[in-house]
Amino acid sequence: MQETKYEQSKGITFKEYLNYCKAKRLWFIISIAICVLLTTGYLIIKNPVYERSAQIMIKDDANPSSKLTAGLSMIQGFGGLFGTSSNVSNELISMKTPGNILEVVKRLNLDYSYSTRPFIRKIPLYGDSLPVKVNISGMKDCDDASMKIELQKGKVRIYNLKKNNNKFDTEYNGTVNSVYHSPIGLIAITATKAYNGKEDMTINVKKDAPIKTVKDIEEKLDAGITEEMGSVIDLSYEDAVPQRAEDILNMLIRVYNEKWMDDENQLNSRTTQFINNRISEITSDLGKAENTITTYKSKNNLPDVIETTKLAMETSTEVSGEIATLRGQRESAKFILNFVDNHSNSNQTLPLNLLSNDKVLSSQIEEYNKLQLEHNRIAENSNKTNTIVQNIEKQLSNMRKSIKAALANTVKQADIQMGSYNELKGTNDSQVKSSPKQAKFLLSAERQQKIQEQLYIFMLQKREENVLSQAFTPYKTRILSAPMGDTEPVAPKAFVLILISLAIGIILPAFGILIKLNVRELLDEDK
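An account of the accompanying structure is given in this report. (Residues numbered from 1 in each chain as written. Predicted model: local features only at pLDDT ≥ 70, side-chain atom pairs only at ≥ 80, totals over all residues. Heavy atoms only, no water.)

**Examining the overall build of the protein**
The condition that has to hold: In DSSP terms, a helix is any run of H or I states spanning at least four residues, a strand is any run of E spanning at least two, and both are numbered starting from the N terminus. Accessibility here uses a 1.4 Å probe with only protein chains present; expressed as a share of the type maximum, an area under 20% marks a residue as buried, one over 50% as exposed, and anything in between as partly exposed. A contact between two residues is defined here by any heavy atoms of the two lying within 4.5 Å. Surface accessibility follows the Shrake-Rupley procedure with a 1.4 Å probe radius. Residue values consider only the protein chains on display as shielding.
Along the protein, the regular secondary structure elements total 13 helices and 14 strands. Within the span of the protein, comprising 527 residues, buried residues form 37% of the whole. Summarising the internal contacts of the protein: among those between residues at least 6 apart in sequence, 74% fall at separations of at least 24. With the model as given, the accessible surface of the protein reaches about 30900 Å², and the carbon-plus-sulfur share is 54%.

So, in structure tokens, the structure goes:
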């Protein structure tokens, strides 16, 4: 019986693998050199990227009623998931809206980018390094354009014009601070503060569509809340030009503050309009009352009779003043109630500073207006299915019902009080029934005049309060840390890239050797 012997292959040992690697050390040297050279070339071509960051705090309302409302909202809103953090999150969304970023792009002219290539690296130009600026008129928002500008001791040469996918071979020669008629539009070249007339350089100018620049900024802009329930927002932006990153963050904060201030001023506009209309009407009524009194006195010659009966009517006049005050409060409450009942005003703010005598109702209206503005800001950048928008709409509906009930109660209470004062006035009037008929007529007319004067003074006071409220409205944000950052770039990391290139330079030949040895072993086994 013959015995068949199978000789099992031992395979490749680690020692054999190391010896083979030593024999092929030239592979490793070449691989490492190529990887390092490629990495070095990348570092030479790539512009360093710098990061600038800022911190802002969203201010909370300081009055007790606002704090109470915020506390209740935090308790009732899904077990505390929405509260101060929800408010700050809404402000964060409002700050990063494309509309705000587009305004930043327009103010800083960020849709125009400038660069030069003195050697290998393409160097961006901005601020103090940019000698001239370009403005192209007659372009649509969706158009792109590019050109090259050669500056040589005060002379300008424009060439390589391109608009969208169309190229133009025309060239233009001239000087700085001139306008050139070109196929892509009117090209205006103006000098900046950095221009000295001795420049000798070629500038690459690129005009992007504003919306494209907005998307690019959105990708580089990072914003978040420092703490989960905090009111501090961290903003950071990465750019090849540190000054441009600082300008973008500063301008974004400024645009947000200005738009928030515009929203706040809207709260006072309707109140101002209503007060001015009422002052105009009262002034007309007051003039008619004065003319009636003057005409009647001149016709009947009654100054002495009036003086004798004036003392008896003092009490009635004081009561009339109280009635005038109540009437003004009732008219204000009735106006706001009609405004709330009008469905066309469901997304508008309510007039402020008309019911200062009722602090609770005034604070409710103030909270309603702030929540309405917040709803409008969020709804502008989202759809109706947004859970935050729906939650705010529910809160607004509940607050609207509460305000309507409070307003109706204010009107009712004013009617009751005016009825009581009218009864008291009637008692006082009965005491002067023995006075001449003419005196009673004049005193009645003067009483009406007094009522109009009280209403006039009341409305003037409210208008002054409204103006002061508008003038002393502070910004919503407080800058805790202005945009700043390290002088060292955050990318690319030269040391890390060199280490990675060294690792790749070692791994590639080592892996190739391992494959080669295994293939050779398999071929030997087949033989």
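**Re the sheet that holds strand 4 (residues 132-137)**
As a reminder, the rule being used: By definition, two strands form a pair when at least two bridges between them are found by DSSP. Here the axes come from fitting lines to C-alpha atoms, over the contacting stretch only for helices, and the angles between their N-to-C directions go from 0 to 180 degrees.
Strand order in the open sheet made by the three strands is 4-10-9, with antiparallel pairing throughout. Looking at the sheet topology across the chains shown, the edges are occupied by strand 4 and strand 9 (178-182). For this sheet the average axis-to-axis angle between neighbouring strands, irrespective of direction, equals 20 degrees.

**Brief notes about the nonpolar core**
Defined as follows: In this description, a nonpolar core means a group of buried Ala, Val, Leu, Ile, Met, Phe, Trp, Tyr and Cys residues linked to one another through side-chain atoms lying within 4.5 Å.
Ranked by size, the top nonpolar core spans 30 residues in total, and within it Ile 336, Leu 350, Leu 355, Ile 365, Ile 403, Leu 407 and Met 459 carry the most contacts. If you list the elements that add at least two residues to this core, you get helix 7 (242-300), helix 9 (314-341), helix 10 (359-380), helix 11 (387-430) and helix 12 (437-471). The element contributing the most residues to this core is helix 11, with seven residues. Apart from residues no more than four positions distant in its own chain, Leu 407 is found in contact with Ala 333, Ile 336, Leu 337, Val 340, Leu 355 and Leu 361. Membership of the second largest hydrophobic core comes to 28 residues, among which are Met 95, Ile 217, Ala 245 and Val 255.

**A few points about the side chain of Asp 247**
Rules: His is not counted, nor are the chain ends, whereas Lys and Arg count as positive and Asp and Glu as negative. We define a salt bridge as a contact between a side-chain nitrogen of Lys or Arg and a carboxyl oxygen of Asp or Glu at a distance within 4 Å.
The residue Asp 247 is located in helix 7 in this model. Despite its burial, Asp 247 pairs with no opposite charge, the nearest such side chain being Arg 254 at 8.1 Å. Ignoring anything within four residues of it in the chain, the contact list for Asp 247 reads Leu 108 and Tyr 126.

**Concerning the packing of helix 5 (residues 98-108) against helix 6 (residues 210-220)**
Cut-off, in case you're wondering: Put simply, angles under 35 degrees are roughly parallel, angles over 145 are roughly antiparallel, angles from 65 to 115 are roughly perpendicular, and the rest are oblique. In this scheme the handedness of a crossing depends on how the near helix is turned from the far one: anticlockwise by less than a right angle means left-handed, clockwise means right-handed. Residues are grouped as follows: Ala, Val, Leu, Ile, Met, Phe, Trp, Tyr, Cys and Pro are nonpolar; Asp, Glu, Lys and Arg are charged; all remaining types, including Gly, are polar.
Helix 6 packs onto helix 5 with a crossing angle of 110 degrees between their chain directions and a minimal axis gap of 9 Å. Between helix 5 and helix 6, the angle falls in the class roughly perpendicular. Relative to helix 6, the crossing made by helix 5 is right-handed. Touching Pro 98, Ile 101, Leu 102 and Val 105 of helix 5 are Pro 210, Thr 213, Val 214, Ile 217 and Glu 218, all from helix 6. Classifying every residue of the contact of helix 5 with helix 6 by side-chain character gives seven nonpolar, one polar and one charged.

**Overview of the sheet that holds strand 1 (residues 50-58)**
Pairing is antiparallel in the open sheet, where four strands are placed in the order 12-13-1-14. Pairing within the sheet leaves two strands with one partner each, and these edge strands are strand 12 (221-225) and strand 14 (477-484). Adjacent strand axes in the sheet meet at a mean angle of 15 degrees, parallel and antiparallel pairs treated alike. Of the strand pairs in this sheet, strand 1 and strand 13 (residues 232-239) are connected by eight bridges, and their pairing is antiparallel. From the neighbouring strand, Met 57 faces strand 13, where its bridge partner is Val 232.

**As for the pairing of strand 13**
Two faces make up the sheet, and in a regular strand the side chains alternate between them. Buried residues dominate strand 13, accounting for six of its eight residues. Relative to strand 13, strand 12 is paired through five bridges, and the arrangement is antiparallel. Within strand 13, the position partnered with Gly 224 by the bridge is Asp 234.

**With respect to the pattern of salt bridges**
Taken as a whole and assessed by the stated rule, the structure comprises 16 salt bridges. Residues Glu 91 and Arg 377 are paired through a salt bridge, measuring 2.8 Å at the closest nitrogen-oxygen approach. On the criterion of sequence distance, the pair formed by Glu 91 in helix 4 (residues 84-95) and Arg 377 in helix 10 is long-range, its members being 286 residues apart. What makes Glu 91 buried here is its relative accessible area of 2%. Judged by its relative accessible area of 15%, Arg 377 is buried.

**Overview of unusual backbone geometry**
In this structure, Pro 492 follows Ala 491 across a cis peptide bond, with omega equal to -10 degrees. Take Pro 492: it is sitting in the loop between strand 14 and helix 13 (494-526). The phi angle at Asn 160 is positive, at roughly 55 degrees, despite the residue not being glycine. Tracing the backbone shows Asn 160 in strand 6 (residues 155-163).

**Quick notes on the pairing of strand 6**
As paired strands, strand 5 (residues 145-152) and strand 6 are joined by seven bridges and run antiparallel to one another. Looking at strand 6, one finds that Glu 150 is bridged to Arg 157. Summarising the sheet, strand 6 and strand 8 (residues 172-175) pair through four bridges and their orientation is antiparallel. Each bridged residue has a counterpart across the sheet, and for Val 156 the counterpart in strand 8 is Gly 174.

**Let's talk about helix 1 (residues 14-23)**
Helical geometry: 3.6 residues make up each α-helical turn, so side chains three or four residues apart lie on a common side. The condition that has to hold: Picture the helix axis, draw a direction to every C-beta atom, and the arc is the one those directions span.
Residues of helix 1 that are buried include every one of Tyr 17, Tyr 20 and Cys 21, and no others. Viewed along the axis of helix 1, the buried residues span an arc of 100 degrees, placing them on a single side of the element. Relative to its buried face, helix 1 has exposed residues pointing more than 90 degrees away, namely Lys 15, Lys 22 and Ala 23.

**Focus: the packing of aromatic side chains**
To keep things clear, this is the line we draw: Any Phe, Tyr or Trp ring, taking Trp's six-membered ring, that has another such ring centre within 6.5 Å forms a pair; planes under 30 degrees apart are called stacked, those over 60 apart edge-to-face, and the others tilted. Over a ring means this: the NZ of a Lys or the CZ of an Arg is within 6 Å of the ring centre and within 35 degrees of the ring normal.
Within the structure shown, the criterion is met by two aromatic pairs. Look at Phe 335 and Phe 339: their rings are 6.4 Å apart centre to centre, the planes differ by 40 degrees, and that puts the pair in the tilted class. Of this pair, Phe 335 and Phe 339 are both found in helix 9, four residues apart, which corresponds to roughly one turn of the helix. Since its relative accessible area comes to 28%, Phe 335 is described here as partly exposed. Geometry around Tyr 159 places Arg 157 over its ring, the cationic atom sitting 4.0 Å from the centre. It is Lys 207 that lies over the ring of Tyr 112; its NZ or CZ is 5.5 Å from the centre.

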